[in-house]
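# Chain and residue survey
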Amino acid sequence: LEIEIEGPGSGQVTSQPPGIDCGSDCSQTYENGTPITLVPKPDDGSQFGGWKEPDCSNSFTITKDMVCTATFTKVPRQLEIEIEGPGSGQVTSQPPGIDCGSDCSQTYENGTPITLVPKPDEGSQFGGWKEPDCSNSFTIQKDMVCTATFTKVPRTLKIEIEGPGSGEITVEPRGKCDTDCSEMTYEHGTKIILVPKPDEDSEFVGWTNCTESFIITSDMTCTATFKPKMFTLIIKKGGEGDGDINGDYLKGNGDID
């Protein structure tokens, strides 16, 4: 009796009665009519796939010279991808099989080197893998679930105030912003509302680079312009006498004749 081993997996075969220990000792002579039991022992990550020859099995009676070929295959491992977080994106794999979004599960042979490629959508970024055993490259040796986290890209908003007037800006979401408005950070896609509040003697003129309501999708600087209020002074002459009013009394704010 000769034992051969083939296939992508690995293992050994022993026999009862003793004599075969293949790996190392793969041939043994038995008396005709001896009942033989062959015991396949797959290595870790492999499984016994069967006997190649139809006359061979785990138990038989030897009545002729025989070659029995044990086939070992790799254990199939299941890989599942999940996606979470405030951002969005997809994950593909090499070897192919995962395209998540749509196809998030694939079976690979034990020991297969896996490369996972996160592809964030516009305005998102890859935040990492939730499970410590998962990474962009690893060898699969067990069933695994790998969770890709996508976050929103941070966007910076800066408010500037200019002009001869004065006032403040209320930024929602955030709060009030006066003449020294430091940079504020928001997630990509956040809706921003800017509410100008001129001081009592000023009025709001308008925005440069912004509007009062917008979705932030890039780093931005918004400039609010305030100017002093303009007042109308009406001079009426009364009485029976006559005379003129000199505009110098207006201290440069206008001319009157």
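Here, every reference points to the structure presented above.
Now for a description of the structure that goes with this document.

Thresholds applied
- Residues numbered from 1 in each chain as written.
- Predicted model: local features only at pLDDT ≥ 70, side-chain atom pairs only at ≥ 80, totals over all residues.
- Heavy atoms only, no water.
- Disulfide = S-S within 2.5 Å.
- Buried < 20%, exposed > 50% of the residue type's maximum accessible area, 1.4 Å probe, protein only.
- Helix = DSSP H or I, 4+ residues; strand = E, 2+ residues; numbered from the N terminus.
- Contact = heavy atoms within 4.5 Å.
- Core = buried A, V, L, I, M, F, W, Y, C linked by side-chain atoms within 4.5 Å.
- Pairing = 2+ DSSP bridges.
- Polar contact = N/O pair within 3.5 Å; in protein donor to acceptor, adjacent residues only side chain to side chain.
- Salt bridge = Lys/Arg side-chain N within 4 Å of Asp/Glu carboxyl O.

Let us look at the state of the cysteines. This structure, assessed with the given rule, holds five disulfides. Between the sulfur of Cys-100 and that of Cys-104 lies a disulfide, 1.9 Å long from S to S. Its S-S torsion of about 85° marks the bond between Cys-100 and Cys-104 as right-handed, since a negative value means left-handed. Overall, the relative accessible area of 23% leaves Cys-104 in the partly exposed class. Note that Cys-210 is cross-linked by a disulfide to Cys-222, the S-S spacing being 1.6 Å. Its torsion about the S-S bond being -65°, the disulfide of Cys-210 and Cys-222 is classed as left-handed. Placement of the pair is Cys-210 in the loop between β21 (202-208) and β22 (213-215) and Cys-222 in strand β23 (residues 220-228), with a sequence separation of twelve residues. Judged by its relative accessible area of 12%, Cys-210 is buried.

This paragraph deals with the environment of Cys-210. Linking Cys-210 and Ser-88, residues 122 residues apart in sequence, is a C-alpha distance of 27 Å. Sequence-distant contacts of Cys-210, that is, excluding residues within four places in its chain, are made with Leu-194, Met-220, Thr-221 and Cys-222.

Let's shift gears to the environment of Asp-65. Its location among the elements puts Asp-65 in the loop between β6 (59-62) and β7 (67-74). A relative accessible area of 77% means that Asp-65 is categorised as exposed. Along the backbone, Asp-65 and Glu-2 are 63 residues apart, and their C-alpha atoms lie at a distance of 8.3 Å.

Below, the discussion takes up the nonpolar core. If you look at the biggest cluster of nonpolar residues, it comprises 17 residues, and the most contacted ones within it are Leu-157, Ile-169, Val-171, Leu-194, Phe-214 and Cys-222. Elements supplying a minimum of two residues to this core: β16 (154-162), β17 (167-172), β19 (184-187), β20 (191-198) and β23. It is β23 that provides the largest number of residues to this core, a total of four residues.

In this section: the sheet that holds strand β14 (residues 137-140). One open sheet accounts for four strands, arranged β10-β9-β12-β14; its pairing is antiparallel. The open sheet terminates on both sides in strands that have one partner only, identified here as β10 (99-100) and β14. In the sheet, strand β9 (residues 89-94) pairs with strand β12 (residues 112-120) via six bridges, with the strands oriented antiparallel. Of the residues in β12, the one forming a bridge with Ser-93 is Leu-116.

Mapped onto the elements, Ser-202 comes out in strand β21. Take Ser-202: its relative accessible area is 4%, and that puts it in the buried class. At 3.0 Å, the side chain of Ser-202 forms a polar contact with the backbone nitrogen of Ser-166. Discounting residues that sit within four places of it in the chain, Ser-202 has contacts with Gly-165, Ser-166, Lys-227, Pro-228 and Lys-229.

Let us look at unusual backbone geometry. The peptide bond linking Gln-16 to Pro-17 adopts the cis configuration, its omega dihedral lying at 0°. With respect to the secondary-structure elements, Pro-17 resides in the loop between β2 (11-16) and β3 (21-22). Here the bond from Gln-94 into Pro-95 is cis, since omega is 0°, no more than 30 degrees from zero. Relative to the assigned elements, Pro-95 resides in the loop between β9 and β10. Of note in this structure, Asn-209 is not a glycine but carries a positive phi near 80°.

A word on the pattern of salt bridges. For the structure shown, the criterion picks out five salt bridges. With a shortest N-O distance of 2.6 Å, Lys-64 and Asp-55 are connected by a salt bridge. The class of Lys-64 is partly exposed, set by a relative accessible area of 44%.

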